[in-house]
Amino acid sequence: MTSRIAAIALDAVDPRPVADFWCAVLGWQQVDEDADGISIGPPGGAAAAGLTIDVLRVPEAKTVKNRLHLDLRADGSTTAEELARLEALGARRVDVGQGDDVTWVVLADPEGNELCLLQRTVQHVEREEAAG
């Protein structure tokens, strides 16, 4: 027997802007909401069987670097185009101690939860895997 990840939880003083941000980033939709927070998942009801992101209401603002974060790859665009899109959605660049030589960009969502945009796109990785 094994376990399966059902949800990734993000804390937020105000869950709405964070949930809206992640919906726009991932092309996901809201699947549930209650007084404690908002759950988002892939369109078409796939969230019931798969992974959701739960944006949960907390009373305090983020104060330290996350111990867990999401790494993203551009899908159907260049990394530069995806970076511009993420920043237009409200992501901002942050310094968590990464060096100048890293191949990813560290960003934060509207409440400061870190995420990384990786240099290689989905299509680049798929081509590498197909080439063997």
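Keep in mind it's a predicted model, so treat the numbers as computed, not measured.

A few words on the pairing of strand β1 (residues 7-12). Alternating residues of β1 divide into Ile8, Leu10 and Ala12, all buried, and Ala7, Ala9 and Asp11, none buried. Pairing between β1 and strand β4 (residues 52-57): six bridges, direction parallel. Looking at β4, one finds that Leu10 is bridged to Val55.

For soluble globular proteins, nonpolar side chains are generally found buried alongside one another. In terms of nonpolar packing, the biggest core is built from 20 residues, with Trp22, Ile40, Leu72, Leu86 and Leu107 touching the most fellow members. Sorting the residues of this core by element identifies β1, α1 (15-26), β3 (37-41), β4, α2 (79-88) and β8 (114-118) as the ones contributing at least two each. Take this core: its biggest share by element is six residues, from α1. With residues near it in sequence (within four places) discarded, Leu107 still touches Leu83, Leu86, Ala91, Arg92, Arg93, Val94, Asn113, Glu114, Leu115 and Leu117.

What follows is about the sheet that holds strand β2 (residues 29-34). Whenever strands of a sheet pair, they do so through backbone hydrogen bonds, lying parallel or antiparallel. Pairing in this open sheet of four strands is mixed, and the strands run β1-β4-β3-β2 from one edge to the other. Either end of the sheet is taken by a strand with one partner, and the two such strands are β1 and β2. Within this sheet the neighbouring strands show an average axis-to-axis angle of 20°, counted without direction. Against the sheet, α1 contacts β1, β2, β3 and β4, and its axis sits at roughly 5° relative to β3.

Another point: the sheet that holds strand β6 (residues 92-93). A sheet is described by the order of its strands in space; here four strands give the open sequence β5-β8-β7-β6, paired in mixed fashion. The outermost strands of the open sheet, each flanked by one partner alone, are β5 (70-72) and β6. As judged from the two bridges shared by β6 and strand β7 (residues 104-108), these two strands associate in the antiparallel manner. Along β7, the bridge assignment pairs Arg93 with Leu107. Most of the contacts of α1 go to β5, to which it runs at about 35°, and overall it touches β5 and β8. Packing against the sheet, α2 makes contact with β5, β6, β7 and β8, and its axis sits at approximately 155° to β8.

In total, this model carries six salt bridges according to the counting rule given. As a salt-bridge pair, Asp20 and Arg16 come within 3.1 Å of each other at their nearest N and O atoms. With Asp20 and Arg16 both in helix α1 and four residues apart, this pair spans about one turn of that helix. Given a relative accessible area of 39%, Asp20 falls into the partly exposed group. Its relative accessible area of 30% is what places Arg16 among the partly exposed residues. Glu33 is the partner of Arg16 in a salt bridge, and the nearest nitrogen-oxygen pair spans 2.9 Å. Of this pair, Arg16 sits in helix α1 while Glu33 sits in strand β2; the two residues are 17 residues apart in sequence, bridging distant segments of the chain.

Rules used in this analysis
Residues numbered from 1 in each chain as written. Predicted model: local features only at pLDDT ≥ 70, side-chain atom pairs only at ≥ 80, totals over all residues. Heavy atoms only, no water. Buried < 20%, exposed > 50% of the residue type's maximum accessible area, 1.4 Å probe, protein only. Helix = DSSP H or I, 4+ residues; strand = E, 2+ residues; numbered from the N terminus. Pairing = 2+ DSSP bridges. Core = buried A, V, L, I, M, F, W, Y, C linked by side-chain atoms within 4.5 Å. Contact = heavy atoms within 4.5 Å. Axes fitted to C-alpha atoms, helices over the stretch in contact; angles between N-to-C directions. Salt bridge = Lys/Arg side-chain N within 4 Å of Asp/Glu carboxyl O.

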